[in-house]
Amino acid sequence: MAAFYTIILLIISNVFMTLAWYGHLKMQDLKWISNSTPLIIVILISWGIALLEYCCQVPANRMGFLGNGGPFSLMQLKVI
């Protein structure tokens, strides 16, 4: 079951990472974020997405690592 939870959490983490990357590239096209948006708001949005990513990634790697009783080696976690 740890393998299943690890894979699901890593998929969710990857979704947040993809949203952050493409959101960064397309930020100028968004109507609610314009050139007049304060820098602090943009920073808080970016850090919020990164926080959600890491809230999924760190537990998945800890749960899935062979040294912590999980089913995956370090190289397998990198590939997943």
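Quick note: structure is the one above.
Below is a summary of the structure that appears in this document. Predicted, not measured: the structure shown is a model, and the values here were computed from it.

1. Looking at the packing of aromatic side chains
So, point 1. Summed over the entire model, instances satisfying the criterion amount to one aromatic pair.
So, point 2. With a centroid separation of 5.9 Å and 55° between ring planes, the pair formed by F4 and Y5 is classed as tilted.
So, point 3. Residue F4 is classed as partly exposed on the basis of its relative accessible area, which comes to 48%.

2. Details of the environment of C55
So, point 1. Inspection of the secondary structure puts C55 in helix α2 (residues 39-64).
So, point 2. Here C55 falls in the partly exposed class, since its relative accessible area comes to 47%.

3. Some thoughts on the side chain of T6
So, point 1. For T6, the position within the fold is in helix α1 (residues 2-26).
So, point 2. With relative accessibility at 0%, the residue T6 sits in the buried group.
So, point 3. Among the polar contacts listed, one links the side chain of T6 to the backbone nitrogen of G64, at a separation of 3.5 Å.
So, point 4. The residues touching T6, leaving out its near neighbours within four places in the chain, are A60, M63, G64, F72 and L77.

4. A look at α1
So, point 1. Counted at 1.5 Å a residue, the expected span for α1 with its 25 residues is 36 Å, and the 36 Å between its end C-alpha atoms agrees.
So, point 2. Taken together, the buried positions of α1 are T6, L10 and S13.
So, point 3. Looking at the buried side of α1, the elements it contacts are α2 and α3 (74-79).

5. Focus: a nonpolar patch on the surface
So, point 1. A contiguous nonpolar patch, built from M1, F4, Y5, I7, I8, I11, I12, V15, L19 and I80 and spanning about 940 Å² of accessible area, is present on the exposed surface.
So, point 2. Of note, I12 is situated in helix α1.
So, point 3. Using a relative accessible area of 34% as the deciding quantity, one classes I12 as partly exposed.

6. Some points on the environment of A20
So, point 1. Locating A20 in the fold gives a position in helix α1.
So, point 2. Measuring from C-alpha to C-alpha, the distance between A20 and S46 comes to 7.1 Å, with 26 residues separating the pair along the chain.

7. Notes on the state of the cysteines
So, point 1. Tallying each qualifying case throughout the model produces zero disulfides.
So, point 2. Note on C55: no disulfide assigned, nearest cysteine sulfur contributed by C56 at a separation of 6.8 Å.
So, point 3. For C56, a relative accessible area of 11% corresponds to the buried category.

The rules behind the values
- Residues numbered from 1 in each chain as written.
- Predicted model: local features only at pLDDT ≥ 70, side-chain atom pairs only at ≥ 80, totals over all residues.
- Heavy atoms only, no water.
- Phe/Tyr/Trp six-rings, centres within 6.5 Å; stacked < 30°, edge-to-face > 60°.
- Buried < 20%, exposed > 50% of the residue type's maximum accessible area, 1.4 Å probe, protein only.
- Helix = DSSP H or I, 4+ residues; strand = E, 2+ residues; numbered from the N terminus.
- Polar contact = N/O pair within 3.5 Å; in protein donor to acceptor, adjacent residues only side chain to side chain.
- Contact = heavy atoms within 4.5 Å.
- Expected span 1.5 Å × (residues − 1).
- Patch = residues over 30% accessible without salt bridge, like charges linked within 9 Å, V, L, I, M, F, W, Y side chains within 5 Å.
- Areas by Shrake-Rupley, 256 points an atom, 1.4 Å probe, with all protein chains shown as cover.
- Salt bridge = Lys/Arg side-chain N within 4 Å of Asp/Glu carboxyl O.
- Disulfide = S-S within 2.5 Å.

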